[in-house]
Each structure stands twice: as structure tokens, then as C-alpha cells.
Amino acid sequence: MMFARIAGVGSYLPGQPVSNDDLVARGIDTSDEWIVSRSGIRSRHLADAMTASSDLAFAASQRALEAAGVDPDTLDLIIVATSTPDYVFPSVACLLQGRLGNAGATAFDVQAVCSGFVYALTIAEKFIRAGGHRRALVVGAEVFSRILDWQDRSTCVLFGDGAGAVVLEASETPGIMASALHADGSYQGILNVPGHVCGGKVLGDPVLRMDGQAVFRFAVKALAEVAEECCASAGIAPAEVDWLIPHQANIRIIEATARKLGFGMERVIVTVDRHGNTSAASIPLALDAAVRDGRIRRGQKVLLEGVGGGFTWGAVLLEF
Ligand code: UT7
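Residues numbered from 1 in each chain as written. Predicted model: local features only at pLDDT ≥ 70, side-chain atom pairs only at ≥ 80, totals over all residues. Heavy atoms only, no water.

Caption draft 1: Structural view of helix α4 (residues 92-100). Turning to α4, its buried residues number three or more, namely Val 92, Ala 93, Leu 96, Gln 97 and Leu 100. The buried residues of α4 all sit within an arc of 140° when viewed along its axis, so they share a single face. Buried residues in α4 make contact with α3 (53-68), β4 (77-81), β5 (106-110) and β6 (135-143). Of the residues one or two after α4, Gly 101 is the one with positive phi, at around 75°. (Buried < 20%, exposed > 50% of the residue type's maximum accessible area, 1.4 Å probe, protein only. Helix = DSSP H or I, 4+ residues; strand = E, 2+ residues; numbered from the N terminus. Arc of directions from axis to C-beta. Contact = heavy atoms within 4.5 Å.)

Okay, structure coming up:
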């Protein structure tokens, strides 16, 4: 049996951290106390106007390739999860492929918003297990600051920019042990960017709109259920999992999910305090932070889980 295993991890955050007080200084009618108490976010990184998702993806990918000791020429699959691509087309995956100097690999983007990385990782694993591909680069990259309404204090304080990447390789040993992906388009109205390009103009509302409380309720239920489903399909109890890496949207959602699953917070990786919600980038950013600081080690079981617009949700259980 052929498995798919993570060979290296990398991430990148643009510029210096922007604190909650920095947002207040920029004229947003909010406070550090409100943002910390409602979301757990203390700072985030915001890309400058010249920096696109492909730039963040490229920097994170270089670090992942270096960690894996892999030459970009040898990649035969590149998948980028993003909802903030540089262009309508070509895909960020193709722009990244060009920057890396890889020619000929299968390359495409996945659009599943904050679940994008678990979707992309699952797709890459299925390509590898099917036998046609052996080495994938899987990236989550976002510049969510571009699609925020900076006059809407209920959303603009919650998000940040960044990218994370993994190299996933064919392996005789696990690897990814199980995954579960779901969506329910009937929830599209509670979190969306309802605009599009038409005849050279943007039609509709090209910024993020969210019913925060409805999203909160959906997220806690979906994250707990999908984590249990994923563990059950691998025949493993949540108690046997070493680390939980939930999508980093809000510390209260993370704590509520961990509580439902019986995880003490000492087994949960948290970066939302310093990254904010970076959508598809949040899980690989958190994974990279915990691998580099030595918490996540080879052989440990790690459960990744995401939820986001669509609605989409999913989980991946892996042995690192
Ligand atoms: O990837 C998924 C992405 N989204 C999420 O995960 C978001 C999930 N939802 C949440 O995290 C929370 O619902 C929020 C953090 C968005 C909001 O927390 P809440 O406890 O649900 O607050 P609320 O929406 O009920 O707002 C309470 C008050 C309102 O004032 P009034 O009407 O009670 O006087 C808002 O106007 O807080 C006010 N408010 C703010 N005050 C200061 C809203 N945003 C801010 C702000 N600063 N930035």
C-alpha cells in the first residue's frame, strides 16, 4: 500500500505584526480589549499593496522545499488553496510553478475558503495513492486584507495574510491516515464575498460579509463532528491523537471544539493570537510554527481541521 507523508513544512508572514492598538491608530472604531476578549487575536500580518498570494506562496514553498531537501524540478503536483488569487486566471499554482522553475507538474488551485488546505492536502494524497504522482507541493496562501471592508469593524479586525506549505511524498509508511471533506451550499449566505468581475467592472459587493454568530455556531458543531468522523475512519480515538491543529479563526471556537473532543488545550496548537484568521493559510502556518519550535515531532499523530465559507469543512489525520 502506498501512503502519502509530509516530507517538509514551511511558512511565511508578510511584514511586521500589526497589533490591535495599531488598528485603533489607523482609525478603526475598536479596542484591544474587545478584539482579545471576543476572538483571542492580538496581532496579524498585513501584506503591502504590491504583495500577492503567489509571493507569499513562493516564500513559504521555498522554506518547505528546503526543509524537505527537495528540488522543485522533482515536484509532479502543485496545489494551492486560496480564495484571494492574484488574478482571475492563471491560477496561483501556475504562477508559483513558474517562479519555482518547475515545468510539467500538474498544477491547479482549490477554492474551499478556510477549509482549503485540508481539501488540497486530501486531494494531493488521493493523487499520490492513485499512483500517478509521487511528490506534491501543497500550499495555503491568502491576502484576505484585500477583500475586507475596512469600515466594517465586526470583520476587518479578525483576518490576516500569510502562507504555509508542505511537501507531500509517496511513502511505504503513513503518512496521512484518514480524511473527511464536506460542504453544504445552503449556508452560503452567512459568510461570503458576493461580488464578481463583469465587463471590466466589479459587480456586487467585493468584500467579506459575515453573520458572525451563525458562523460561530456552525463552526463549533462541524469541527467537532468532522474530527470524530476522521478519527473513527482511522480506527483511532481522539485521546490517541498527540496534537489538534484547528483552523485559526477564533480562540473561543478553538476552545469549544477542543472541549467537545476532550482535548486539553496543552494538546492544541494555537496561533490565532498572533496570525489572526488567515483562511486557507492558517493550518499550515500553525503546523509549521509547531514543527519548528519542536512541539510536533516525527511519528506523532496530528489532526488538522478546517471550516469556512461555502460552507465547507473537513479534517485530515496524519502521522507526522
Ligand atoms: O473562518 C470562519 C471565519 N469566521 C469566524 O470564525 C467568526 C465566527 N464568529 C465570531 O468569532 C464572533 O461572532 C465575532 C468575533 C465575529 C463577534 O463576536 P460576538 O460576541 O458574536 O459579538 P457580536 O457580533 O454580538 O457584537 C457585539 C457588539 C455589538 O455592539 P452592540 O450592538 O452590542 O452595542 C457590535 O457592534 O460588539 C460590537 N462590535 C465591536 N466593538 C468593538 C463588533 N465589532 C466590534 C469591534 N470592536 N471590532
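Structure shown, so let's carry the discussion forward.
Caption draft 2: Highlighting α3. Compared with the 22 Å implied by 1.5 Å per residue over 16 residues, the 22 Å span of α3 between its first and last C-alpha is a close match. Within the span of α3, buried status applies to Ser 53, Ser 54, Leu 56, Ala 57, Phe 58, Ala 59, Ala 60, Ser 61, Ala 64 and Leu 65. In this fold, the buried residues of α3 make contact with β1 (3-12), α4, β6 and β7 (161-171). Phi for Gly 69, located one or two positions after α3, is positive at around 65°. (Expected span 1.5 Å × (residues − 1).)

Caption draft 3: Region of interest: the confidence of the model for the chain. When pLDDT is averaged across the chain, the result is 97; 100% of the residues are at 70 or more. The least confident element of the chain, judged by mean pLDDT, is strand β10 (residues 195-198) at 94; the most confident is β4 at 99. (pLDDT = per-residue confidence, 0-100.)

Caption draft 4: Spatial organisation of the pattern of salt bridges. In this structure the tally under the stated criterion is 10 salt bridges. Linking Asp 152 and Arg 209 is a salt bridge whose minimum nitrogen-to-oxygen distance equals 3.8 Å. One end of the pair, Asp 152, is in the loop between β6 and α6 (153-156); the other, Arg 209, is in strand β12 (residues 209-210), with 57 residues separating them in the sequence. Judged by relative accessible area, Arg 209 falls into the partly exposed class, the value being 27%. (Salt bridge = Lys/Arg side-chain N within 4 Å of Asp/Glu carboxyl O.)

Caption draft 5: Expanded view of the site of the ligand. Taken together, 21 residues sit near the ligand, with Thr 30, Arg 38, Arg 153, Gln 213 and Asn 250 positioned nearest. Taking Gln 213, its side chain carries an N or O atom lying 2.6 Å from an oxygen atom of the ligand. One of the side-chain nitrogen or oxygen atoms of His 247 is found 3.0 Å away from an oxygen atom of the ligand. Within the complex, 72% of the 970 Å² of free accessible area of the ligand lies under protein. Mapped onto the shell around the ligand, the elements with two or more residues apiece are α2 (32-39), α6, α7 (212-234) and α8 (251-261). Element by element, the count of residues in the shell around the ligand is highest for α7, at 4 residues. When the residues that make up the shell around the ligand are grouped by side-chain class, the tally is 10 nonpolar, 7 polar and 4 charged. In terms of domain composition, the shell around the ligand takes at least three residues from each of domain 1 (3-172) and domain 2 (177-319). (Near = heavy atom within 4 Å. Polar contact = N/O pair within 3.5 Å; in protein donor to acceptor, adjacent residues only side chain to side chain. Areas by Shrake-Rupley, 256 points an atom, 1.4 Å probe, with all protein chains shown as cover. Nonpolar A, V, L, I, M, F, W, Y, C, P; charged D, E, K, R; others polar. Domains from an automatic or database assignment.)

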